[in-house]
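Descriptive analysis of the structure
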Amino acid sequence: MKTLRELTRPNIWNLKPYSCARNEYDGVDASVFLDANENPYNNPINRYPDPLQKELKERIAAYKDVSPEQIFLGNGSDEAIDLVYRAFCEPGIDNVVAIDPTYGMYQVAADINNVEYRKVLLDSNYQFSAQHLLDAADDRTKMIFICSPNNPTGNEMDGREILKLIEQFDGIVILDEAYNDFSLRPSMLASLSDYSNLIVLQTFSKAWAGAAIRLGMAFASPEIIEILTKIKYPYNVNLLTQQKALEILDRKEEQKEWVASILKERENLADALLQLPVVEKIYPTDANFFLVKVIDADRIYKYLVAKGIIVRNRNTVSLCGNCLRITVGTPAENQTLVGALKVFQL
Ligand SMILES: *Cc1c(COP(=O)(O)O)cnc(C)c1O
């Protein structure tokens, strides 16, 4: 791997971050806060939240068995995705490589930051070859994005290829594990300390059922986390989100039950869909959704919308012709979908 200094944009490496009021005093147990021009009334939301989210990071660290210094928290995973471009990629000069198809935000963030985005098509089993990704990289490639389980295909990427990529790429590998809690495969977090060029993304939006609070997690070496922390907005995770996340973490047993019933319902839904004449194929999935190949995705999508049922039409996405991406809902929601598709006229 190149050194972190070689991978980081020089202006970011040399940046002196904004020092906010809540950062400057340290350690003392203060009780009179006249430092941040806050309003003394309307407690508790009158006060700026903890810019470093210490309590929440400690809880997540204990839960995930990593150290708090290995955690960055952001306004959804999307914030971390944007920040890695801003930290490592010189606009108009550096580039990134990613599998295709995959989560659309990697490319949107590349476009916003004027960074060349190089796509490498998956094979017919929706798998990638580490060698093909490395072949697409050059001396200006700072990051490679892998999503596993992948969105929109639903499947885990081959673990050996992921390891090969991390071991052989001299830049940063970003592994998006947004759907890992639905998969039997253990998270790569267990080996985080072995790889100084690995960033693992996870989120409160899926298995933790907290999409509305906007909380994403990036796990990496303390040195990478320090860079992301230096360039984030000082108060990027608001107080209500920090509080709610602590509450959600207390509901671990419930979370396990949600995941178990979604997985059980995923099988029921797949069985029901396979009976339908409009369904050609259901792709293997390790997530809470699946990609379904149908007779005419555009027509079926519009038909379902007219019935108030919204799925994701992936017809124009690479390797996903005539595919709908269907999230597993409650048994009642899934039944509504299947009922509507049963009476669809070909
Ligand atoms: C849903 C999803 C996320 C979550 O994004 P948030 O901004 O945390 O809500 C991240 N990555 C992938 C691939 C996703 O599908």
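A short tour of the structure in this document, coming up. Here the structure is a predicted model, which is why all the values come from computation and not from measurement.

As a matter of local geometry, the ligand sits amid 14 residues, with Asp176, Tyr179, Ser205, Lys206 and Arg214 nearest to it. One of the side-chain N or O atoms of asparagine 151 is found 2.9 Å from an oxygen atom in the ligand. Take threonine 203: an N or O atom from its side chain is 2.7 Å from an oxygen atom of the ligand. For the ligand, whose accessible area on its own is 390 Å², the fraction buried by protein is 93%. Looking at side-chain class alone, the shell around the ligand contains five nonpolar, five polar and four charged residues.

A contiguous patch of negative charge, built from Asp50, Glu55, Glu58 and Glu69, is present on the exposed surface. Along the chain, the position of glutamate 55 falls in helix 4 (residues 54-64). On the accessibility criterion, glutamate 55 (54% relative accessible area) is exposed.

Right, let's talk about the pairing of strand 11 (residues 323-327) for a bit. Across the five residues of strand 11, four count as buried, placing the element largely inside the fold. Here strand 10 (residues 312-313) runs beside strand 11; their pairing, made up of two bridges, is antiparallel. Of the residues in strand 11, the one forming a bridge with asparagine 313 is leucine 324.

Counted under the stated rule, the structure contains nine aromatic pairs. With 5.5 Å between their ring centres and 65° between their planes, tyrosine 63 and tryptophan 208 make a pair best called edge-to-face. Placement of the pair is tyrosine 63 in helix 4 and tryptophan 208 in the loop between strand 6 (198-203) and strand 7 (216-219), with a sequence separation of 145 residues. Assessed through its relative accessible area of 32%, tyrosine 63 is described here as partly exposed. Following the ring pairs from residue to residue traces out a cluster consisting of Tyr85, Tyr103, Tyr106 and Phe145. One cation-aromatic arrangement involves arginine 325 over phenylalanine 289; the distance from NZ or CZ to the ring centre is 5.6 Å.

Let's shift gears to the pattern of salt bridges. Two side chains that carry opposite charge are able to pair once their charged atoms sit near each other. Counted under the stated rule, the structure contains 15 salt bridges. Where aspartate 250 meets arginine 59, a salt bridge forms, and the shortest distance between an N and an O atom there is 3.1 Å. Residue aspartate 250 is located in the loop between helix 10 (239-249) and helix 11 (252-274), and its partner arginine 59 is located in helix 4; the two are separated by 191 residues in the primary sequence. Several salt bridges share partner residues, and in doing so they unite Asp94, Arg140 and Lys142 into one network.

Rules of the game
Residues numbered from 1 in each chain as written. Predicted model: local features only at pLDDT ≥ 70, side-chain atom pairs only at ≥ 80, totals over all residues. Heavy atoms only, no water. Near = heavy atom within 4 Å. Polar contact = N/O pair within 3.5 Å; in protein donor to acceptor, adjacent residues only side chain to side chain. Areas by Shrake-Rupley, 256 points an atom, 1.4 Å probe, with all protein chains shown as cover. Nonpolar A, V, L, I, M, F, W, Y, C, P; charged D, E, K, R; others polar. Patch = residues over 30% accessible without salt bridge, like charges linked within 9 Å, V, L, I, M, F, W, Y side chains within 5 Å. Salt bridge = Lys/Arg side-chain N within 4 Å of Asp/Glu carboxyl O. Lys, Arg positive; Asp, Glu negative; His and termini not counted. Charge placed at Lys NZ, Arg CZ, Asp CG, Glu CD. Helix = DSSP H or I, 4+ residues; strand = E, 2+ residues; numbered from the N terminus. Buried < 20%, exposed > 50% of the residue type's maximum accessible area, 1.4 Å probe, protein only. Pairing = 2+ DSSP bridges. Phe/Tyr/Trp six-rings, centres within 6.5 Å; stacked < 30°, edge-to-face > 60°. Lys NZ or Arg CZ within 6 Å of the ring centre and 35° of its normal.

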